[in-house]
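Observations on the three-dimensional arrangement
For reference, the chains in residue letters:
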Amino acid sequence: MATFEPALFARINKPDSASLKTYQADGGYSRLKEFLSMAPGDVTNIVKDSGLRGRGGAGFPTGLKWTFLPKDYPGPIYLAVNADESEPGTFNNRYLMELDPHQLIEGIILACHAIRSQKAYLYLRYEYGTSYRVLDAAIRECRAAGILGTNILGTGVSCDIILHRGAGAYICGEETGLIESLEGKRAWPRIKPPFPAIEGLFRKPTIVNNVETLCCVTQILYRGTAWFKSMGVPADPNNPRDPGSYGPKLYCVSGHVNQPCCVELPLGVTARQLIEEHAGGVWKGRRAKAVVPGGISMGFLSASELDTPLDFAGPGKVGCLGLGTAAVVVVDDQTSMVDVLYNCCRFMSHESCGQCTPCREGTAWMTKILERIRTGQGRTEDLDLLMEVAGSMGIIPGTTICGLSDGAAWPVKNAISKFRSEFEDYIRSRKASVTSAQQLMAVH
Amino acid sequence: MSVLSEELREKIRAEFPNYPNKRAVTLPALHLVHDNLRAVSREAIVEIAELLELHPAEVHDTMTFYNFFKDEKNPLGRHRVWFCRSISCMLRGGEELLENVCHHYNVHPGETTADGRMTVEFAECLGACEGAPCILVDDVCHMNVNPSTASALIDKL
């Protein structure tokens with residue numbers, strides 16, 4: 001651990017790190033010609049062998065996803081880059097796009113070559129205005145230098161990137177919601193199958209990959225699969241379905257810590273290590289009461305679960321939904337879990353796309369019930385009601401099209417099962433602790 | 001008399017080659033119109049639909065799905081300032097910040113100040129949690145904002 005050298009973040013503190021000149025000076029694009037001369041299947045195999053799993057939240061093996069494309073498809077095939085980073089607490093992709101856009105662009109070109117795509121659409125959330133301008137400039141530099149466009153560096157391979165700005169909707173991070181949005185429609189996720197690899201963007205085979213995932217592709221090609229597999233948590237030999245958690249990961253730490261940060265570490269670091277060793281500890285000398293392990297939709301770790309390794313399998317072992325985006329949000333012991341859960345539920349209610357009834361109604365009613373509890377009108381049976389609603393919505397119980405609903409249910413399930421006595425005490429006290437500032441925000 | 005200038009139409013048409021069909025230009029077109037006219041009016045929707053060879057209802061459907069776009073009844077001020085209300089900002093004073101600014105400028109979230117300078121909005125996670133509480137002025141993010149730095153930023157707009 002002491003010898004860990006950042007790879008994804010190797011360049012972010014250098015002056016002018018976003019320019020093509022400095023990227024090339026650091027060796028960027030130096031082997032692009034070589035990689036583009038390889039057979040696409042060989043590039044896919046390297047990524048497959050590395051064990052890279054998607055960094056966007058679901059952790060699906062990237063190389064395997066690429067192999068789902070139809071064989072010998074005449075084209076076009078599309079790559080959709082998911083830069084709609086909207087999971088509360090998550091900001092790692094923003095660092096990658098603002099500070100090292102060429103690492104991402106090189107990953108996009110490599111991925112496009114592997115999947116035989118000549119066009120990538122980068123779906124960028126509107127709020128990332130700086131990322132937009134940095135990427136736009138970087139793409140122009142590449143086109144001028146022959147790194148993007150037709151016949152890249154004389155290899156005969158062609159690839160271009162189109163930047164597409166979103167309009168403020170969390171659901172556009174769901175891969176088929178993203179596709180619908182790109183097509184100019186409301187971002188209602190599609191029923192799967194068909195999966196995007198078979199029928200995706202503009203009804204063509206499409207691969208959707210996250211920004212950090214594609215940056216990992218660049219690093220894997222340059223540094224090799226052995227380097228990537230040298231860190232992280234190996235696959236559990238007793239679980240044939242565990243693909244392991246290899247490679248570096250960008251962890252975001254925010255909330256009640258002294259130094260909120262985004263830090264690159266091998267997969268499997270614990271929440272406690274992140275808080276104590278990288279984020280300067282819990283602020284104001286307080287203790288952590290609850291910690292979000294990977295964006296709010298993953299639920300909560302309690303104070304006794306902070307030594308949970310944050311690899312793909314770790315959070316699930318203590319009842320969380322998963323690693324998610326590895327965005328750690330720390331809640332101190334002076335904060336009410338009622339307020340925290342209300343915030344999570346209001347977010348999900350606001351961001352539910354409204355397509356599936358259990359999600360549209362469930363998120364809204366959970367928010368209303370929590371509002372009732374917050375204003376001192378709660379009943380102890382409300383907690384069972386919340387658990388019942390949360391248990392009935394999502395892909396896991398099989399009632400919705402996409403996973404937003406599971407992510408809306410999980411913080412409720414975790415908060416009530418891990419902090420039940422706090423909720424009960426709050427309800428029994430019949431206090432109404434809503435401040436005027438909170439009231440202003442009480443719009444769904 | 002059309003609502004969309006020829007210049008704006010040219011910018012929308014310039015997006016066509018980037019996509020295999022015109023419908024995919026809906027969001028880029030809405031952004032261009034919204035940025036320039038500070039709202040997307042009923043007339044603008046009809047004209048966008050003509051350009052994209054869609055029914056106006058299709059453009060309207062997409063536009064209204066995203067809470068982002070304002071119609072002519074509620075146009076944007078000269079600037080739009082978003083206050084993050086999601087978890088990391090809430091934990092570090094985001095709600096109090098918004099209340100303070102609303103009080104100071106006598107405006108509610110979703111409304112525009114009387115002088116037309118600024119439309120105040122709450123936002124869901126702006127992705128700048130390391131600098132919570134954060135705000136977005138148009139599309140530029142400012143981190144670790146407090147009521148006095150927020151006022152200083154707004155007064156310069």
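Keep in mind that this is a model prediction, so the values were computed, not measured.

1. What about the overall build of chain A?
When helices and strands are tallied, chain A shows 17 helices and 11 strands. A globule of 444 residues ought to have a C-alpha radius of gyration of about 22 Å, and chain A, at 22 Å, matches this closely. Taken along its principal axes, the extent of the C-alpha atoms in chain A is 75 × 45 × 45 Å. Burial analysis of chain A (444 residues in total) assigns 55% to the buried set.

2. Notes on the sheet that holds strand β4 (residues 140-142) of chain B
Each strand in a sheet pairs with another by means of backbone hydrogen bonds, the pair being arranged parallel or else antiparallel. Residues and elements named next belong to chain B. Strands sit in the order β2-β1-β3-β4 across an open sheet of four strands; the sheet is mixed. Of all the strands in the sheet, just β2 (118-123) and β4 have a single pairing partner and so form its edges. Within this sheet the neighbouring strands show an average axis-to-axis angle of 25°, counted without direction. Strand direction decides the pairing type here: strand β1 (residues 79-84) and strand β3 (residues 135-137), joined by three bridges, are antiparallel. Each bridged residue has a counterpart across the sheet, and for W82 the counterpart in β3 is L136.

3. Describing the packing of helix α3 (residues 40-50) of chain A against helix α6 (residues 101-115) of chain A
Residues and elements named next belong to chain A. Running from amino to carboxyl end, α3 crosses α6 at an angle of 120°, the nearest separation of the two axes being 7 Å. The two elements α3 and α6 meet at a crossing, and its hand is left-handed. Contacts from P40, V43, T44 and V47 of α3 reach α6 at L110, H113 and A114. Classifying every residue of the contact of α3 with α6 gives five nonpolar, two polar and no charged.

4. Looking at the environment of A:R372
Residues and elements named next belong to chain A. Its location among the elements puts R372 in helix α13 (residues 357-374). Residues R372 and A432, spaced 60 residues apart in sequence, show a C-alpha to C-alpha distance of 9.2 Å. Each residue touching R372, except ones within four places of it in the same chain, is listed here: Q377, G378 and D382.

5. As for helix α12 (residues 337-351) of chain A
When the terminal C-alpha atoms of α12(A) are compared, their 21 Å separation across 15 residues agrees well with the 21 Å that a helix rising 1.5 Å per residue should span. Taking burial as the measure, the 15 residues of α12(A) include 14 buried ones, the bulk of the element.

6. A few points about the domain arrangement of chain A
Accessible area lost during the coming together of the parts is what is often quoted as the interface size. All names here are of chain A. In terms of domains, chain A is made up of domain 1 (20-230), domain 2 (245-332) and domain 3 (337-441). Its C-alpha centre places domain 1 at a distance of 35 Å from the equivalent point of domain 3. In this complex, domain 1 contributes nine residues to the contact, which on the side of domain 3 involves seven residues.

Thresholds applied
- Residues numbered from 1 in each chain as written.
- Chains lettered and ligands numbered in written order.
- Predicted model: local features only at pLDDT ≥ 70, side-chain atom pairs only at ≥ 80, totals over all residues.
- Helix = DSSP H or I, 4+ residues; strand = E, 2+ residues; numbered from the N terminus.
- Rg over C-alpha atoms; globule rule 2.2 N^0.38 Å.
- Buried ≥ 20, exposed ≤ 12 C-beta atoms within 10 Å, placed from the backbone.
- Pairing = 2+ DSSP bridges.
- Axes fitted to C-alpha atoms, helices over the stretch in contact; angles between N-to-C directions.
- Left-handed = near helix turned anticlockwise from the far one by under 90°.
- Contact = placed C-beta atoms within 7 Å.
- Nonpolar A, V, L, I, M, F, W, Y, C, P; charged D, E, K, R; others polar.
- Expected span 1.5 Å × (residues − 1).
- Domains from an automatic or database assignment.

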